[in-house]
Amino acid sequence: MSDKTVSFGYEEVAPEEKTRRVGDVFSSVASKYDIMNDAMSGGMHRLWKDRFVRRVKPQSGETILDMAGGTGDIAFRMAPSGAAITVCDINQDMLDVGVERAMKCGGRDDEGPLVWSCQNAEELNFASSSFDAYTIVFGIRNVTEIPKALREAHRVLRPGGRFFCMEFSTTEWPGFKEVYDVYSHKVMPKMGKIIAQDEESYRYLAESIRRFPKMAEFEQMIRDAGFANTKVEPILGGAVAIHSGWKV
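Presented here is an overview of the structure given in this document. Just so we're clear, the structure is a prediction, and the values are computed from it rather than from any experiment.

Cut-offs used in this document
- Residues numbered from 1 in each chain as written.
- Predicted model: local features only at pLDDT ≥ 70, side-chain atom pairs only at ≥ 80, totals over all residues.
- Heavy atoms only, no water.
- Helix = DSSP H or I, 4+ residues; strand = E, 2+ residues; numbered from the N terminus.
- Rg over C-alpha atoms; globule rule 2.2 N^0.38 Å.
- Buried < 20%, exposed > 50% of the residue type's maximum accessible area, 1.4 Å probe, protein only.
- Contact = heavy atoms within 4.5 Å.
- Areas by Shrake-Rupley, 256 points an atom, 1.4 Å probe, with all protein chains shown as cover.
- Pairing = 2+ DSSP bridges.
- Axes fitted to C-alpha atoms, helices over the stretch in contact; angles between N-to-C directions.
- Right-handed = clockwise from strand over helix to strand, strands pointing away.
- Parallel < 35°, antiparallel > 145°, perpendicular 65-115°, else oblique.
- Left-handed = near helix turned anticlockwise from the far one by under 90°.
- Nonpolar A, V, L, I, M, F, W, Y, C, P; charged D, E, K, R; others polar.
- Salt bridge = Lys/Arg side-chain N within 4 Å of Asp/Glu carboxyl O.

1. Let's talk about the overall build of the protein chain
(1) Moving on: A tally of regular secondary structure across the protein chain gives 9 helices and 9 strands.
(2) Moving on: Its C-alpha radius of gyration of 17 Å places the protein chain within 12% of the 18 Å reference for a compact globule of 248 residues.
(3) Moving on: Principal-axis analysis of the C-alpha atoms gives the protein chain an extent of 45 × 45 × 40 Å.
(4) Moving on: Residues classed as buried in the protein chain amount to 54% of the 248 residues present.
(5) Moving on: Across the protein chain, every contact between residues at least 6 apart in sequence was considered, and the portion connecting residues at least 24 apart equals 68%.
(6) Moving on: About 11,200 Å² of surface is accessible on the protein chain, with carbon and sulfur atoms providing 54% of the total.

This is the structure in structure tokens:
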């Protein structure tokens, strides 16, 4: 057994323990995940996701891997472009929510088909150079070994392929940071208790945001994985950030 540890919120745990516990968190919150997103962000997550998809610019004929996309929020937004989208998530319960939503639309969007696949971002079973774009939204911070997942993202992209990630980060706005910290640590868990009957899972999600690398550090991790022309677009001073890079 290795002595290596990774963060699970404010705890340091063995990598396999984090993978198991994150799986338990998302199995617990899956059915209420989208409702909680609306409640916690005041609906702003919808605008952030629309903005994110505009940055990705999906095109007809492209193949796109949407990682950690279980409930389909990003895939459904990209599907009208006509791109062929594979939705991956390590958690089958999250995927089940997305598949159920898709079935209500006839199993596919009006313009583009969706494929659903339960996979680990760190060990994808796709061939190298399979996709034109890789997207991951509010999922990378829950990956056990982030550098490994970034290297996999680079591997499965074709030369000229683009990587886009939206994740919570650390706001740089004076004053707002303190308010946001109080909201994250005090309000979010209580909302989780009331709406999802799960205070501890939302306590972890708040803690995981605080432990996630700051924008410049995460951008360097993306470059270290092999991506070029990296860029960071802060939202709310960096409370949320869109990171991008290209495989050249």
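From this point, the discussion proceeds with the structure in view.
2. Concerning unusual backbone geometry
(1) Moving on: Phi angles above zero are rare outside glycine, and Lys57 is one such case at about 55°.
(2) Moving on: Turning to its location among the elements, Lys57 is positioned in the loop between α3 (44-56) and β3 (63-67).
(3) Moving on: Residue class for Lys57 comes out exposed when judged on its relative accessible area of 56%.
(4) Moving on: Although it is not a glycine, Ser129 adopts a positive phi angle of roughly 60°.
(5) Moving on: As for its placement among the helices and strands, Ser129 is situated in the loop between β5 (114-118) and β6 (131-137).
(6) Moving on: The class of Ser129 is partly exposed, set by a relative accessible area of 32%.

3. Overview of the sheet that holds β3
Paired through their backbone hydrogen bonds, the strands of a sheet run either parallel or antiparallel.
(1) Moving on: The strand order across the open sheet formed by 7 strands is β5-β4-β3-β6-β7-β9-β8, and the pairing between neighbours is mixed. Each edge of the open sheet is held by one strand with a lone partner, namely β5 and β8 (228-235). For this sheet the average axis-to-axis angle between neighbouring strands, irrespective of direction, equals 15°.
(2) Moving on: Here β3 pairs with β6 via 4 bridges, running parallel. For Asp66, the partnering residue across the bridge sits in β6 and is Thr135.
(3) Moving on: Contacts from helix α9 (residues 215-224) reach β7 (157-168), β8 and β9 (240-246) within the one sheet, and its direction differs from that of β8 by about 155°.

4. Structural notes on the pairing of β6
(1) Moving on: Burial analysis of β6 places 6 of its 7 residues in the buried class, which makes it a mostly covered element.
(2) Moving on: The pairing of β6 with β7 spans 6 bridges and is classified as parallel. Its bridge partner being in β7, Ala133 is matched across the sheet by Arg162.
(3) Moving on: Following the backbone out of β6, through helix α6 (residues 146-156) and into the adjacent parallel β7, one traces a crossover that is right-handed.

5. Structural notes on the packing of helix α1 (residues 15-29) against helix α8 (residues 199-211)
In helix packing, the relevant descriptors are the interaxial angle and the interaxial distance, both defined with respect to the helix axes.
(1) Moving on: The geometry of α1 relative to α8 is characterised by a closest axis approach of 9 Å and an angle of 120° between their N-to-C directions. The angle between α1 and α8 places the two elements in the oblique class. Viewed along their axes, α1 and α8 form a crossing whose handedness is left-handed. Residue-level inspection shows Lys18, Val22, Val25, Phe26, Ser28 and Val29 of α1 in contact with α8, the latter providing Ser201, Tyr202, Tyr204 and Leu205.
(2) Moving on: Of the residues in the contact of α1 with α8, the class split is 7 nonpolar, 2 polar and 1 charged.

6. Concerning the pattern of salt bridges
A pair can form between side chains of opposite charge whenever their charged atoms are brought close.
(1) Moving on: This structure, assessed with the given rule, holds 19 salt bridges.
(2) Moving on: Between Arg21 and Glu17 there is a salt bridge whose closest N-O contact spans 3.8 Å. Taken as a pair, Arg21 and Glu17 lie in helix α1 at a separation of 4 residues, close to a single helical turn.
(3) Moving on: Residue classification places Glu17 among the partly exposed positions, given a relative accessible area of 25%.
(4) Moving on: Bridged by salt links that share partners, the residues Glu17, Arg20, Arg21 and Asp24 form one connected network.

7. Some thoughts on the environment of Val115
(1) Moving on: Among the secondary structure elements, Val115 is positioned in strand β5.
(2) Moving on: Using a relative accessible area of 46% as the deciding quantity, one classes Val115 as partly exposed.
(3) Moving on: Each C-alpha atom, one on Val115 and one on Lys57, is 19 Å from the other, the two residues being 58 residues apart in sequence.
(4) Moving on: The residues touching Val115, leaving out its near neighbours within four places in the chain, are Ile85, Thr86 and Val87.

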